[in-house]
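Residue-level listing of the chains:
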Amino acid sequence: MDRDPEQRLGRRERDILGLERRGFGGPGAKERAIREELGLAPVRYYQLLNALLDDERALAFDPVTVNRLRRVRDARRGER
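Procedures and definitions
- Residues numbered from 1 in each chain as written.
- Predicted model: local features only at pLDDT ≥ 70, side-chain atom pairs only at ≥ 80, totals over all residues.
- Heavy atoms only, no water.
- Helix = DSSP H or I, 4+ residues; strand = E, 2+ residues; numbered from the N terminus.
- Buried < 20%, exposed > 50% of the residue type's maximum accessible area, 1.4 Å probe, protein only.
- Areas by Shrake-Rupley, 256 points an atom, 1.4 Å probe, with all protein chains shown as cover.
- Lys, Arg positive; Asp, Glu negative; His and termini not counted.
- Charge placed at Lys NZ, Arg CZ, Asp CG, Glu CD.
- pLDDT = per-residue confidence, 0-100.

Draft legend 1. Representation of the overall build of the chain. When helices and strands are counted, the chain shows 6 helices and 0 strands. For the chain, the spread of C-alpha atoms along the principal axes amounts to about 45 × 30 × 20 Å. When each of the 80 residues of the chain is scored for burial, the buried share is 34%. Surface exposure of the chain reaches about 5500 Å², of which carbon and sulfur atoms provide 48%. The positive charge centre, built from 19 side chains, and the negative charge centre, built from 15, are 3 Å apart in the chain.

This is the structure we're talking about:
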């Protein structure tokens, strides 16, 4: 029997998506949260996030966030 997407995603992946759902005010607030809450360097966080956006499990778990971030990523690629 197939488990639901939330159970298939690891804790860190769910935490990354959760952080992306939040709004951050002020410069550096998001980077500080990445370090303090996830224990990751921001560069590593964004590497993991980018890979997560291509993961169908992430899309099944949080389609609104993943689709929003995919649109942002695609728009930035189009600017280059």
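So that's the structure; there's more coming.
Draft legend 2. Looking closely at the confidence of the model for the chain. In this model, the chain carries an average pLDDT of 90, and 91% of its residues clear a pLDDT of 70 or more. Across the chain, element-level confidence peaks in helix H4 (residues 42-53) with a mean pLDDT of 97 and bottoms out in helix H1 (residues 5-8) with 62.

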